[in-house]
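An overview of the molecular structure
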Amino acid sequence: MRIIAGAATPSAMRILRDPQYTRPQDRGASAAIGNFDGVHRGHCHVIDLARRPSLPLGVVTFEPHPREYFAPDAPPFRLMNAGARAHRLEKLGVEILAELPFDARLASLSAEAFARDILAQGLGLSHVVVGADFCFGQGRSGTAQMLRDFGARFGFDVTIADLLTAEAGAVSSTAIRAALSAGQPREAAEMLGHWHRIEGPVLHGDKRGRLLGYPTANMALEGLHVPKLGVYAVLVDVLEGPHQGTYRGVANLGIRPMFARDTPNLETFLFDFAGDLYGCALSVGLVAYLRGEMHFDGLDALIVQMDQDRLAARAALDLT
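Figured I'd write up the structure that's included with this text.

About the cut-offs
- Residues numbered from 1 in each chain as written.
- Predicted model: local features only at pLDDT ≥ 70, side-chain atom pairs only at ≥ 80, totals over all residues.
- Heavy atoms only, no water.
- Helix = DSSP H or I, 4+ residues; strand = E, 2+ residues; numbered from the N terminus.
- Rg over C-alpha atoms; globule rule 2.2 N^0.38 Å.
- Buried < 20%, exposed > 50% of the residue type's maximum accessible area, 1.4 Å probe, protein only.
- Contact = heavy atoms within 4.5 Å.
- Areas by Shrake-Rupley, 256 points an atom, 1.4 Å probe, with all protein chains shown as cover.
- Lys, Arg positive; Asp, Glu negative; His and termini not counted.
- Charge placed at Lys NZ, Arg CZ, Asp CG, Glu CD.
- Pairing = 2+ DSSP bridges.
- Axes fitted to C-alpha atoms, helices over the stretch in contact; angles between N-to-C directions.

On a plain count of helices and strands, the protein chain comes out with 10 helices and 17 strands. For a compact globule of 320 residues, the expected C-alpha radius of gyration is about 20 Å, and the protein chain comes in at 21 Å, within 12% of that figure. Projected onto its principal axes, the C-alpha positions of the protein chain cover 70 × 40 × 35 Å. Counting only residues that meet the buried cut, the protein chain has 48% of its 320 residues in that class. Partitioning the contacts of the protein chain with sequence separation of at least 6, the portion at a separation of at least 24 is 72%. Just so you have it, the protein chain exposes about 14700 Å², and 54% of that area is on carbon and sulfur atoms. The centroid of the 31 positive side-chain charges in the protein chain is displaced by 3 Å from the centroid of its 35 negative side-chain charges.

See the structure below:
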């Protein structure tokens with residue numbers, strides 16, 4: 001993806017972080033607006049309604065998430081970081097991602113000023129799609145119907161999307177977080193439309209796994225909602241480098257009580273893999289919850305359990 005007014009890498013999707021840098025050929029786009037945390041089925045529905053054969057497809061979102069801006073000390077809640085969100089949106093065919101910095105200036109804009117200065121004059125949008133519960137402007141004073149009225153004044157059409165529901169109720173990031181907290185990744189995936197994924201670079205760990213015969217790729221969970229701690233069957237995409245591709249594996253998401261680690265992270269063992277992944281970007285999809293974290297009396301007992309986890313993960317993935 002190519003970032004305008006910032007570092008650039010070649011790709012189909014362009015990331016715009018300042019409306020004043022909107023290219024002439026990108027003006028007139030049709031765009032979905034929202035936070036798109038998780039890019040779940042409800043979000044995909046809004047994006048699909050924004051597709052127009054003759055217009056660039058855009059998404060307007062915010063970074064950081066407004067909730068992070070107003071409550072920076074609250075527990076992490078995001079389902080995906082900005083990079084993972086961009087990666088997912090690009091897969092959906094989004095051509096322009098306006099990732100607006102949510103700061104004091106943006107937070108202080110009235111609903112009318114946001115519609116006029118950002119959407120109409122800045123981004124030059126011709127069509128906007130929002131969910132029925134969309135709020136915007138200072139103090140969340142603007143509603144979806146108000147946006148439709150502003151659009152009529154400032155020159156863009158507005159489509160208001162009905163909220164999507166599933167068997168368990170409304171599809172929402174809140175419901176997805178609840179499913180993940182309960183150790184139900186399949187239920188979360190039904191709402192997401194894809195496996196819940198944790199993306200990021202592989203970090204150097206204590207390298208204890210390789211001594212046990214299970215070398216793992218270690219990833220941080222900083223800023224993200226932490227699913228139920230325990231062991232998962234996973235599908236792993238190596239996003240770059242000589243080992244780029246898709247692998248199956250087993251992962252421990254937690255604090256490793258045996259080794260007195262108090263910060264949760266994700267440690268993934270890839271089946272049938274040999275190589276160095278340090279620094280590479282991974283996308284780890286949680287497929288099945290196998291067990292909770294356990295304390296072991298010694299390394300031998302831990303290795304026995306890891307062998308069992310590997311077999312259980314293979315069996316779970318065979319059913320996928």
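The rest of the description comes next.
On to the sheet that holds strand 13 (residues 217-220). Strand order in the open sheet made by the six strands is 12-17-14-15-16-13, with antiparallel pairing throughout. Two strands in the sheet have a free side with no partner beyond their single neighbour: strand 12 (196-201) and strand 13. Neighbouring strand axes in the sheet, compared pairwise and without regard to direction, differ in orientation by 35° on average. Where strand 14 (residues 230-238) and strand 15 (residues 245-254) come together, nine bridges link them in antiparallel fashion. When the sheet's bridge partners are listed, valine 238 is paired in strand 15 with glycine 245.

What is shown is where atoms sit, not what they do.
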